[in-house]
Structures are given as structure tokens and as C-alpha cells.
Amino acid sequence: QVQLVESGGGLVQPGGSLRLSCAASGSIFSIVAMGWNRQAPEKQRELVAHIITSTSTTNYGDSVKGRFTISTDNAKNTVYLQLNSLKPEDTAVYYCYVVHGINPTRTYWGQGTQVTVSS
């Protein structure tokens, strides 16, 4: 069974930084992409960052461009999210995901980790 374990969330003041980690384990193969979504109170879930593992091509949500950075350690099946210059609007539950397999692919999600930005 595939399991994604997230860590690194917490409380931080505006302007601060956090690094989130998400490690995948279990019966996982042919990872196509990894990434992060988030869901804030009273808002829809939105894309934060996405990376295609074979090319390292990245895509970011407009609200986080220039502040957040996604990266991977393919040997460890781990994806990271570096969050800099945090704003109160970044407060949300952050969910990592892994897309794996071949025809069809499957997507697995982490349990979510809370990021709270407040003074």
C-alpha cells in the first residue's frame, strides 16, 4: 500500500519561512509527478506547486510564485516545499501528492499538514 507522510508544518510569523516534506513509501513505481495543493478556510483547494520528475519542469500557483520553491529527492521518493516570505493568506492545510504508474496513472495524497501564518 502506498503511504505519503507529511511533516514540517506549524505556526510562523508573517515574513517567516517553513520547509515542508513529504515522503512516499510502499508499492510505488514510475513516479510521474509530485506536488502540493492547499485548502484555506472558506476557500476552494488550489494548486501550490507541481513538478514533473523526469524533466524537473515546475509549475506554481500565481499567488506563491517567487516565494515558494518545490524540489524533489528522487532516490528517497520525497518532495519538498520551501515557503518563504509567508503571508497570513498562506494559512491553509497543505496536501502533498504523488502521481505514479503507467496507463493508467494513479494519484495518492498525504494526510495534510497545517501551516498558520499569524503575528
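Residues numbered from 1 in each chain as written. Predicted model: local features only at pLDDT ≥ 70, side-chain atom pairs only at ≥ 80, totals over all residues. Heavy atoms only, no water.

1. Section: the nonpolar core
Where a protein is soluble and globular, its nonpolar side chains tend to be buried together. Quick note on the threshold: Residues grouped as a nonpolar core are buried Ala, Val, Leu, Ile, Met, Phe, Trp, Tyr and Cys residues, joined through side-chain atoms within 4.5 Å. Each residue gets one of three labels from its accessible area relative to the maximum for its type: buried under 20%, exposed over 50%, partly exposed in between, using a 1.4 Å probe on protein chains only. Only runs of H or I of at least four residues qualify as helices and only runs of E of at least two qualify as strands under DSSP, and these elements are numbered from the N terminus. Every residue pair with non-hydrogen atoms within 4.5 Å of one another is taken to be in contact.
Counting 30 residues, the largest nonpolar core has L4, W36, V48, F68, I70, L81 and Y94 as the members making the most contacts within it. Where this core is concerned, the elements lending two or more residues are β3 (18-25), β4 (31-39), β5 (46-52), β7 (68-73), β8 (78-83), β9 (92-100) and β11 (113-117). Excluding its chain neighbours within four sequence positions, the residues that come into contact with I70 are M34, G35, W36, A49, H50, I51, T58, Y60, V79, Y80 and L81.

2. A few points about unusual backbone geometry
Along the chain, N103 connects to P104 via a cis peptide bond; the corresponding omega equals 10°. For S30, which is not glycine, the phi dihedral falls at a positive 50°. Topologically, S30 is positioned in the loop between β3 and β4. The exposure class assigned to S30 is partly exposed, which follows from its relative accessible area of 37%. Located in the positive-phi region is N77, a residue other than glycine, with phi close to 50°. As for its placement among the helices and strands, N77 is situated in the loop between β7 and β8.

3. A short note on the environment of E89
Checked against the element boundaries, E89 lands in the loop between β8 and β9. For E89, a relative accessible area of 51% corresponds to the exposed category. Taking C-alpha positions, E89 is 26 Å from T57, a pair spaced 32 residues apart along the chain.

4. Some points on the sheet that holds β8
The following threshold applies: Any two strands are treated as partners once DSSP identifies two or more bridges connecting them. A fitted line through C-alpha atoms serves as each axis, taken over the contacting stretch for helices, and the angle formed by two N-to-C directions is quoted from 0 to 180°.
With antiparallel pairing, 4 strands are arranged side by side in an open sheet as β1-β3-β8-β7. The sheet terminates laterally at β1 (3-7) and β7, the two strands that pair on one side only. If you compare each strand with its neighbour and ignore which way they point, the axes differ by 15° on average. Pairing of β1 with β3 involves 5 bridges; the strand directions are antiparallel. Residue pairing in the sheet places Q3 in a bridge with S25 of β3.

5. Some words on the environment of G9
Its location among the elements puts G9 in the loop between β1 and β2 (10-12). Judged by relative accessible area, G9 falls into the partly exposed class, the value being 34%. When near neighbours in sequence (up to four residues on either side) are disregarded, G9 contacts L20, T113, Q114 and V115.

6. Here we look at the state of the cysteines
Our working definition: Cysteine sulfurs are considered disulfide-paired once they come within 2.5 Å of each other.
Considering all chains together, one arrives at 1 disulfide under this definition. Between the sulfur atoms of C22 and its disulfide mate C96 the distance is 2.0 Å. With the S-S bond torsion at 55°, the cross-link from C22 to C96 turns out right-handed. Separated by 74 residues along the polypeptide, C22 in strand β3 and C96 in strand β9 bring together distant segments of the chain.

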